[in-house]
Amino acid sequence: MKLSVATSAVLFGLSHSTSAFAPSTSFAPTARAATSLNAVSKKDSYAVTLLPGDGIGPEITAATKQVLEALCARFGFQIDLKEALIGGAAIDAKNDPFPEESLEQCRNSDSVLLACIGGYKWDNNPRELRPETGLLKMRKEMGLFANLRPAKVLDQLIDASTLKREIVEGVDVMCVRELTGDVYFGTPKGIEERNGERVGYNNMIYAEHEIDRIARVAGDVASKRGGKLCSVDKANVLDVSQLWREVVTGVIEKEFPEVELSHMYVDNCAMQLIRWPKQFDTIVCGNIFGDILSDEASMLVGSLGMLPSASLGEDGPGVFEPCHGSAPDIAGEDKANPLAMILSAAMMLKYDLERPEEALLLEKAVEAALDAKLRTPDIKQDGDGCELVGCKAMGDAVSKIVAEIDVPIAV
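Within each chain, residue numbers correspond to sequence positions counted from 1 in written order. In keeping with the predicted nature of the model, local features appear solely for residues at pLDDT of at least 70, side-chain atom pairs appear and are counted solely at 80 or more, and the whole-chain, interface and lining totals rest on all residues. With hydrogens and water stripped out, all remaining heavy atoms of the structure feed into the side-chain values.

Draft legend 1. Examining the environment of Thr133 more closely. Examined against the element boundaries, Thr133 turns out to sit in helix 5 (residues 131-141). Given a relative accessible area of 23%, Thr133 falls into the partly exposed group. It is 7.9 Å that separates the C-alpha atoms of Thr133 and Phe98, two residues lying 35 residues apart in sequence. Setting aside residues no more than four positions away along its own chain, Thr133 makes contact with Pro97, Arg127 and Glu128. A polar side-chain atom of Thr133 sits 2.5 Å from the main-chain carbonyl oxygen of Arg127. In DSSP terms, a helix is any run of H or I states spanning at least four residues, a strand is any run of E spanning at least two, and both are numbered starting from the N terminus. Under the scheme applied here, a residue whose accessible area is under 20% of the maximum for its type counts as buried, over 50% as exposed, and between as partly exposed, the area being computed with a 1.4 Å probe on protein chains only. Every residue pair with non-hydrogen atoms within 4.5 Å of one another is taken to be in contact. For the purposes of these results, a polar contact is taken to be a pair of N or O atoms within 3.5 Å, where, inside protein, one atom must be able to donate a hydrogen and its partner to accept one; residues adjacent in sequence count only when each atom of the pair is a side-chain atom.

What follows is the structure, encoded as C-alpha cells:
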C-alpha cells in the first residue's frame, strides 16, 4: 500500500468497529485535508505472497491459510497465496536470505504476509548469510520505512500479563518505529583489526528526511488516537538524537498542533513502560530503540503471540507479520500461537486488499475463540479454567468460527 500523511491515521486511528483490536479514538483533532488509502481496488481475486520462513513459521502459516480459505469460501472471493523463500529456509535452499526471485514476487503482489524468520542453526553464519539480513533487505528494497505495532491489553488475557492487573488494565499503546535507517543500516560498519586487536563498529545515522517522514506518520496516528505523542531518543549523549528531537518537534508543532508532544530518553521510557504504561498513547522512535521498546510494550499484553504488525512504505504492497519470533525451541511441537498471524492477515485484508468487512470478521473470530476459553501454551494460566490447545486446534477453531459467526457491521 502507499502510506502518506493521514494514511496511517486511517490505518490505526479511525476504527471500522468496536473490536478489541481497534485503537482508542477519544481525541478529536482539528480538521486537516484528508488523503485516501491507496490499497488495491476491491476485486474478486488477489495475489498475495506468503513467506512461511523458519521455526514455527510453517505451522502458524498453515493455520492462517486454513482460516483465510474459510473466509474466502464464505465471502466468495479468492486469495492466491503463493509461497516464497526468506530467512534460514532461503539460505538452505538458495544460499541467500532473501533471493531476488522472492523480492520480485513480493513487489508484484497485492500484499505480503510473513510468518517469522531465524533460528539457532544459522546463528554462526557470516552476516550476509543470516536470516535477519534477508529481513533487513526486504525492508530496504521494498521501502518499508514505517512499522506500526499495537499493544492493546484484552480483557480475556489481562491475567496472562506478568504485571499486576491494575498496571495493565486498559493499556492501549501504539509504537511507531522507523524501519530503514539508524544503526542497522548505517555505514561504515564492520569488524577490523586495529592496534593488534579486533574492533567492531556500526554507524547510528539518520538523514533529516527520514526523521521527517516517520514523524508525520506518528503525528497522524496520534492525532486520530488519544492526541498524545511521546518521541523517544537519547539526545543527552547522541548527536543523531539531537537531530531527531529537533526534526520531530518541528514537524509536530507545525503540522499537528493539536497533538501533545513529549520527549523521553530511551532508558527512562523502558522503565516507564513497566512502571505505568497507561501514560502512553503513541510512541515514535528510531529503528534500534523501537526494536527494543516495541517488544517490551508487546509483552504488556501477556504474549507476543497475540500481536500483529504492519510494515508500510510510500508505495507498493505492505508486509504484515506477527510481532513474535520463530521460537525454534518449540518448532514442530504444535505449541505455537497462530492468532497474531491471523490478526496480521486481518490487517492485510483491511488495508492492502480493501476488504474491511472480512477483516473485522477475522478479528471477531479471534475474540470469539478467546471467549470460548481456548488457550495456546503461551497464554494459558494455571487455574484459569481454559482449555489448552495446540496451534492446529486453534486454527481449526478460528476457521469454524469464521464459517459460522454473524457478520459484524463495520461503522
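Draft legend 2. Representation of the layout of surface pockets in the model. Whether a set of points on the 1 Å grid over the protein atoms alone is a cavity depends on a 1.4 Å probe fitting there but being unable to get out, while an open set qualifies as a pocket with protein on both sides within 12 Å along at least five of seven lines; lining residues are those with an atom within 4 Å of a point. Grid points are joined across faces, edges and corners, and a volume is the space filled by probe spheres set on the points. Quantified by volume, the largest pocket comes out at close to 1000 Å³. Those elements giving two or more residues to the lining of the largest pocket turn out to be strand 3 (111-116), helix 5, strand 4 (146-152), strand 6 (190-194), helix 10 (287-298), strand 11 (308-312) and strand 12 (319-322). With five residues, helix 5 is the largest single contributor of residues to the lining of the largest pocket. In the lining of the largest pocket, the residues fall into 15 nonpolar, eleven polar and eleven charged. The classification used treats Ala, Val, Leu, Ile, Met, Phe, Trp, Tyr, Cys and Pro as nonpolar, Asp, Glu, Lys and Arg as charged, and all other residues, Gly among them, as polar.

Draft legend 3. Molecular detail of the sheet that holds strand 9 (residues 260-265). When DSSP locates at least two bridges between a pair of strands, those strands are taken to pair. Spatially, the ten strands line up as an open sheet ordered 2-1-3-12-11-4-5-10-8-9, and their pairing is mixed. Among the strands making up the open sheet, the edge pair consists of strand 2 (78-83) and strand 9. Ignoring which end each strand starts from, the neighbouring axes of this sheet average 25° apart. In the sheet, strand 4 pairs with strand 5 (residues 172-178) via seven bridges, with the strands oriented antiparallel. Across the sheet, the residue bridging to Ala151 is Val173, located in strand 5. Only the stretch in contact is used when fitting a helix axis, every axis being a line fitted to C-alpha atoms; angles between N-to-C directions are given from 0 to 180 degrees.

Draft legend 4. Layout of the packing of helix 11 (residues 339-351) against helix 12 (residues 356-371). At their nearest, the axes of helix 11 and helix 12 sit 7 Å apart, and the two run at 160° to each other. Comparing the axis directions of helix 11 and helix 12 gives the class roughly antiparallel. Considering how the two elements wind past one another, helix 11 and helix 12 form a crossing that is left-handed. On helix 12, the residues that touch Leu339, Ile342, Leu343, Ala345, Ala346, Leu349 and Lys350 of helix 11 are Pro356, Glu358, Ala359, Leu362, Glu363, Val366 and Leu370. Looking at the contact of helix 11 with helix 12 residue by residue, the classes come out as eleven nonpolar, no polar and three charged. By definition in this entry, angles of less than 35 degrees are roughly parallel, angles greater than 145 are roughly antiparallel, angles of 65 to 115 are roughly perpendicular, and the rest are oblique. Should the near helix be turned counterclockwise from the far one by less than a right angle, the crossing is left-handed, whereas a clockwise turn marks it as right-handed.

Draft legend 5. Expanded view of the packing of aromatic side chains. Put simply, two rings from Phe, Tyr or Trp (the six-membered ring, in Trp's case) pair if the centres are within 6.5 Å, and we call them stacked under 30 degrees between planes, edge-to-face over 60, tilted for the rest. In total, this model carries two aromatic pairs according to the counting rule given. Charges are assigned to positions over rings by a cutoff of 6 Å between ring centre and Lys NZ or Arg CZ, combined with an angular limit of 35 degrees from the ring normal. Over the ring of Phe185 we find Lys140, and its NZ or CZ is 4.9 Å from the ring centre.

Draft legend 6. Seen up close, helix 2 (residues 57-75). Given a helix with a known number of residues, its expected span is that number minus one, times 1.5 Å. For helix 2, which comprises 19 residues, the first-to-last C-alpha distance of 27 Å matches the rise-based estimate of 27 Å (1.5 Å per residue) to within 8%. Backbone geometry just downstream of helix 2 places Gly76 in the positive-phi region, at approximately 75°.

Draft legend 7. Here's a closer look at the confidence of the model for the protein chain. Per-residue confidence from the prediction method is given by pLDDT, with values spanning 0 to 100. For the protein chain, per-residue confidence averages 89 on the pLDDT scale, and 90% of positions sit at 70 or higher. Low pLDDT (under 50) marks residues 4-38, which in the prediction has 101 contacts with non-local residues, meaning those over four places away or in another chain.

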